[in-house]
Amino acid sequence: MGSPRQDVTKALSNNTHEKWWKDPGMRRLNFMIVCVITAQMTCGYDEAVVGNFQAMKPWLRDMSYPDASHIGLITTIIFVGGFIGSFPASPVADLYGRKAAMYIGSIFTLVGTIIQTSAFGYAQFMVGRCLLGVGISFTCVAGPSMVAELAHPRQRGTVLGFFNTFWYVGAIVAAWGSFGSGHLTTSSWSWRIPSLIQGVAPIFLMIMLPFMPESPRFLLAKGREQEARKVLAEFHANGSMDDELVLHEIEEINLALAIENQYREVGWSVLWNTDANRKKMGIAISSFILCLWCGQGVISYYFSPLLTSLNIKSTNQQTGINGGMQIWNFLISILGACLADKIGRRSLWLLSLFSMLGSNIGITVTSALFAKTPNNATAYTAVVFLFLYNAGFNVACNPLAYSYPTEILPYSMRTKGLSVMVAIGQALLIVSQYANPVAIENIGWKYWIFFMGMLVLFIAMVWFTYPETKGLTLEELAGLFEEGGVGSAVVGIEKMEGLEVDGDVEKGGMHVVGVAEKEKKIEKL
């Protein structure tokens, strides 16, 4: 299960330069993908900026000095909005296109930003944040799907991994933007300026979306083959309509869709109607739970008290160090995204989990020693382990959080599965938002032992159940957990839907040849 399979697309002739930055088509494609990825900046920006608001006296004054309960609601209401928005995001993306879902998500995000920025009270601020959550869910469902379905086959793992790395771009902008505006100690603009900046990403995305291509898989699913072929030719082959790779992609996608289109009425039950699909959903959901419950989320609660114990107490000092932490996280997540196609996803998961386990043991020991006998040496050591914990997390859990489930789920399940995954993630974030402070207050450093056990469990889960996706196209991955295994879209989909297909498939007047047969042809080249 773990060994990566050779990418058959590399044996096909392709009218592109080996180095993407020297290829005009791939440069344009990657720029479009970066535009899509900017949507994730909003998510990172929001989670970082709200914590900074709480240190600003004008914000506390304008919100009528909220108590701990109200601040908890302000923090979690965006997750409530995210839960609400996750379910309509899938039908919109499947019926009207990935671009339409991204557009709607950007509109919700922009409207939420405007309401939040103009808020003169607690209730209005809450409404704005709830709408922000709805918008973020739309982009988290449609964005990874759009990136995966547009990306050039030889770059898919890397560029898809970059989707979530932009979370830290938003967090970095929020940290340093708040650092600057925080000097307006008496003006409401100390928090309104950072809130207003949150609208830059959705405005940019809304301006760029009309110039972006639609997902070729969505176009083919809607019978718009000429448009899909034009998109693939323009961005994967510099306009060569008869490029061997482009023809292979169209044939392979149609092969998958020819079977799936006969079962449109299956709807949401496609997520659980076979053992293979249940396994795919289990991996998608478990990988998201892994990222949320690996212990990294607790670091923010520990970091500030440790800095205070080292006599680093001023807001400027702590904000500056936190800003440095975000830059560190971003650089490590970039490294992880680049490693995804080099060492494979399984190896990256395991590297991340073993690194976090080692850091967890270090934090547990140093935190216990510090609780018993506080001293600077122990505190400094704990801070180092917190940085290492973040490094272990970000090398895989950041880039693979959305990219791995997106690869695992075939077209018929992709947006639906991501919707369920995002909804469960939002629900877990609501729970952890309240559970983490309570646990830390009551059991302190012993809380790390819980996450130590979770990391051991996750290592076993990845080792025994997570397949390697490196070197496989999205359509080849449809055969995961099927009797025929990966490498044949027909095998994967016919088993998925309970349909037996003997030989070739005829669909819409187009002759579709099996992937296995194509691979035999490729071997002869």
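Heads up: these notes are all about the structure in this document. (Residues numbered from 1 in each chain as written. Predicted model: local features only at pLDDT ≥ 70, side-chain atom pairs only at ≥ 80, totals over all residues. Heavy atoms only, no water.)

### Considering the overall build of the protein
Inference 1: A tally of helices and strands in the protein yields 22 helices and 2 strands.
Inference 2: In the protein, which comprises 525 residues, the proportion classed as buried is 58%.
Inference 3: Summarising the internal contacts of the protein: among those between residues at least 6 apart in sequence, 82% fall at separations of at least 24.
Inference 4: Here the protein has roughly 20800 Å² of accessible surface; of this, 65% comes from carbon and sulfur atoms. (Helix = DSSP H or I, 4+ residues; strand = E, 2+ residues; numbered from the N terminus. Buried < 20%, exposed > 50% of the residue type's maximum accessible area, 1.4 Å probe, protein only. Contact = heavy atoms within 4.5 Å. Areas by Shrake-Rupley, 256 points an atom, 1.4 Å probe, with all protein chains shown as cover.)

### Observations concerning empty space enclosed by the protein
Inference 1: Per the counting criterion, the structure on display carries 3 cavities of 30 Å³ or more.
Inference 2: Each pocket or cavity is described by its volume, and for the largest cavity that value is around 110 Å³.
Inference 3: Taken together, 14 residues make up the lining of the largest cavity; nearest its centre are Pro153, Arg217, Glu249, Thr473 and Leu474.
Inference 4: Of all the elements in the fold, those that place two or more residues in the lining of the largest cavity are helix H6 (122–150), helix H11 (225–236) and helix H12 (244–260).
Inference 5: Its residues assigned to classes, the lining of the largest cavity comprises 5 nonpolar, 3 polar and 6 charged. (1 Å grid on protein atoms, 1.4 Å probe; cavity = no way out; pocket = protein on both sides within 12 Å on 5 of 7 lines; lining within 4 Å. Points joined across faces, edges and corners; volume = space filled by probe spheres on them. Nonpolar A, V, L, I, M, F, W, Y, C, P; charged D, E, K, R; others polar.)

### Details of the pattern of salt bridges
Inference 1: Applying the stated rule across the entire model yields 15 salt bridges.
Inference 2: Close ionic contact of Arg192 with Asp62 constitutes a salt bridge, the shortest N to O distance being 3.9 Å. Residue Arg192 is found in helix H8 (residues 189–197), and its partner Asp62 is found in helix H3 (residues 57–62); the two are separated by 130 residues along the sequence. We note that Arg192, like Asp62, is buried.
Inference 3: The residue Glu227 makes a salt bridge to Arg224 at a minimum N-O spacing of 2.9 Å.
Inference 4: For Glu227, a relative accessible area of 39% puts it in the partly exposed group.
Inference 5: Judged by its relative accessible area of 34%, Arg224 is partly exposed.
Inference 6: Connected via shared salt-bridge partners are Asp94, Arg98, Glu149, Arg414 and Lys416. (Salt bridge = Lys/Arg side-chain N within 4 Å of Asp/Glu carboxyl O.)

### Observations concerning the nonpolar core
Inference 1: Judged by nonpolar contacts, the single largest core of 114 residues is most densely connected at Met212, Leu290 and Trp349.
Inference 2: Broken down by element, the residue count for this core peaks at 13 residues, all from H6.
Inference 3: Apart from the residues lying within four places of it in its own chain, the contact partners of Trp349 are Ser287, Leu290, Cys291, Ala396, Cys397, Leu400, Tyr404, Val462 and Tyr466.
Inference 4: By size, the runner-up hydrophobic cluster in this structure holds 7 residues, among which are Val270, Leu271, Met413 and Val420. (Core = buried A, V, L, I, M, F, W, Y, C linked by side-chain atoms within 4.5 Å.)

### Here's the deal with unusual backbone geometry
Inference 1: A positive phi angle, near 60°, is found at Ser64, a position not held by glycine.
Inference 2: Position of Ser64 among the secondary structure elements: in the loop between H3 and helix H4 (68–96).
Inference 3: The phi dihedral of Asn238 falls on the positive side, at around 55°, and the residue is not glycine.
Inference 4: Locating Asn238 in the fold gives a position in the loop between H11 and H12.

### Looking at the packing of helix H13 (residues 275–292) against helix H20 (residues 447–465)
Inference 1: Following both chains from N to C, one finds H13 and H20 inclined at 150°, their axes separated by 11 Å at the closest point. Considering the angle they form, H13 stands roughly antiparallel to H20. Helix-helix and strand crossings are classified by hand; for H13 and H20 the assignment is left-handed. Touching Ile283, Ser286, Ile289 and Leu290 of H13 are Phe458, Met461, Val462 and Thr465, all from H20. (Axes fitted to C-alpha atoms, helices over the stretch in contact; angles between N-to-C directions. Parallel < 35°, antiparallel > 145°, perpendicular 65-115°, else oblique. Left-handed = near helix turned anticlockwise from the far one by under 90°.)

### Examining the packing of aromatic side chains
Inference 1: Enumeration according to the criterion identifies 20 aromatic pairs in this entry.
Inference 2: Between the aromatic rings of Phe83 and Phe87, the centroid separation amounts to 5.7 Å while the plane-to-plane angle is 80°, which identifies the pairing as edge-to-face. Taken as a pair, Phe83 and Phe87 lie in helix H4 at a separation of 4 residues, close to a single helical turn.
Inference 3: Overall, the relative accessible area of 36% leaves Phe83 in the partly exposed class.
Inference 4: You can call Phe87 partly exposed: its relative accessible area is 36%. (Phe/Tyr/Trp six-rings, centres within 6.5 Å; stacked < 30°, edge-to-face > 60°.)

### Some thoughts on the side chain of Ser195
Inference 1: Residue position: Ser195 is located in helix H8.
Inference 2: Using a relative accessible area of 0% as the deciding quantity, one classes Ser195 as buried.
Inference 3: Reaching out from Ser195, the side chain makes a polar contact with the side chain of Gln116 at a distance of 2.9 Å.
Inference 4: Once you skip the residues sitting within four places of it in the chain, Ser195 turns out to touch Tyr45, Phe53, Thr113, Gln116 and Thr117. (Polar contact = N/O pair within 3.5 Å; in protein donor to acceptor, adjacent residues only side chain to side chain.)

### Let's talk about the packing of helix H1 (residues 24–37) against helix H9 (residues 200–208)
Inference 1: Running from amino to carboxyl end, H1 crosses H9 at an angle of 140°, the nearest separation of the two axes being 9 Å. As summarised for this structure, H1 and H9 are arranged oblique, according to the angle between their axes. Once H1 is placed against H9, the crossing between them reads as left-handed. Seen from H1, the contacting residues are Phe31, Cys35 and Val36; seen from H9, they are Phe204, Leu205 and Met208.
Inference 2: When grouped by side-chain class, the residues that make up the contact of H1 with H9 number 6 nonpolar, no polar and no charged.

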